[in-house]
Amino acid sequence: MRGAKIIPLILCVALGFAGVGYAAWTEKLTVKGTAKMGELDWCYKDNVTQLDTGYDYIAEPGVTDSNDFEFRQTDRNVGSTKVLLQDTDGDGDKDNMVVTVSNVYPGYYNNIQFQVKNNGTVPLVFRAADVNTPPELDVRWVDTSRYPQKAGDINSFSFHFRVNDSVKEQATYKFNIDIKATQWNEAKF
Ligand SMILES: [Ca+2]
Ligand SMILES: [Ca+2]
Ligand SMILES: [Ca+2]
């Protein structure tokens, strides 16, 4: 009988120790779990501007080793360019730019300026990355400078384009602008 009383007591003490150990372990896990991660996020600002707001501009074909075009304004308004900003992931900011060029002809030229904002919490480096263009358009970045942008900072970019001689009559072309944003300490300068 004596032995039977002692065993439960030993069990209680053993479980008590185990309980203390378990509590300490969960506390550690909880602290780790609530560590706040930085957020990498950016968006296009709504203030996109363009050169062609009426009378068209035309340019000569650019040389391949330069980002420049020589352009001048004409006295007619035939072609036009629309820039649409989209929120493709539904998080409330604009993350995609679609450019539509309508009723254009060989030599039609335009210049688009826009801004991107770091709306996350970690510093970013923006990079003018890609333009997914049809062969009828010659699109070139004007400024591709890269420097770190703190949370809330705004970076300006611009690109311009000329319609090639291979353009079809009264054609409409669509393309996307792709900007890359890299966490500043991972960016290769
Ligand atoms: Ca976003
Ligand atoms: Ca025009
Ligand atoms: Ca978005």
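The structure presented is a predicted model; accordingly, all values stated were derived computationally and were not measured. (Residues numbered from 1 in each chain as written. Chains lettered and ligands numbered in written order. Predicted model: local features only at pLDDT ≥ 70, side-chain atom pairs only at ≥ 80, totals over all residues.)

Peer 1: Can you help me understand the sheet that holds strand β5 (residues 80-86) in this one?
Peer 2: Paired through their backbone hydrogen bonds, the strands of a sheet run either parallel or antiparallel. Here five strands make up an open sheet; going across it, the order is β5-β6-β12-β8-β10 and the pairing antiparallel. One side of each edge strand has no neighbouring strand; the edge strands of this open sheet are β5 and β10 (148-149). Bridge count between strand β8 (residues 124-132) and β10: two bridges; the pairing is antiparallel. Looking across to β10, one finds that V125 is bridged to P148. (Pairing = 2+ DSSP bridges. Helix = DSSP H or I, 4+ residues; strand = E, 2+ residues; numbered from the N terminus.)

Peer 1: I tried to follow the nonpolar core on my own but got confused; where do I start?
Peer 2: Across soluble globular proteins, nonpolar side chains have a tendency to be buried as a group. If you look at the biggest cluster of nonpolar residues, it comprises 25 residues, and the most contacted ones within it are W42, Y44, V99, V116, L124 and F126. Breaking this core down by element, the ones donating at least two residues are β1 (42-44), β6 (96-104), β7 (108-118), β8, β11 (154-163) and β12 (171-183). In terms of residues, this core owes the most to one element, β7, which gives five residues. Beyond its immediate stretch of four places on either side in the chain, F126 contacts V116, R146, Q149, N155, I179 and A181. (Core = buried A, V, L, I, M, F, W, Y, C linked by C-beta atoms within 7 Å. Buried ≥ 20, exposed ≤ 12 C-beta atoms within 10 Å, placed from the backbone. Contact = placed C-beta atoms within 7 Å.)

Peer 1: Could you clarify how one ought to interpret the environment of T121 in this entry?
Peer 2: Considering the arrangement of structural elements, one finds T121 in the loop between β7 and β8. Spatially, the C-alpha atoms of T121 and G38 are 5.6 Å apart, while their sequence positions differ by 83 residues. With residues near it in sequence (within four places) discarded, T121 still touches G38, E39 and A151.

Peer 1: Looking at this structure, how should I read the environment of M37?
Peer 2: Its place among the elements puts M37 in the loop between α1 (2-33) and β1. Among the residues examined, M37 registers 7 C-beta atoms within 10 Å and is labelled exposed. For the pair formed by M37 and V122, sequence separation is 85 residues and the distance between their alpha carbons is 9.5 Å.

Peer 1: Just checking my understanding: could you explain unusual backbone geometry for this structure?
Peer 2: With the exception of glycine, the majority of residues adopt a negative phi angle, and the majority of peptide bonds are in the trans configuration. Even without being a glycine, N103 presents a positive backbone phi close to 55°. Examined against the element boundaries, N103 turns out to sit in strand β6. Owing to 14 C-beta atoms within 10 Å, N103 belongs among the partly exposed residues under this scheme.

Taken by themselves, the reported measurements are silent on function.
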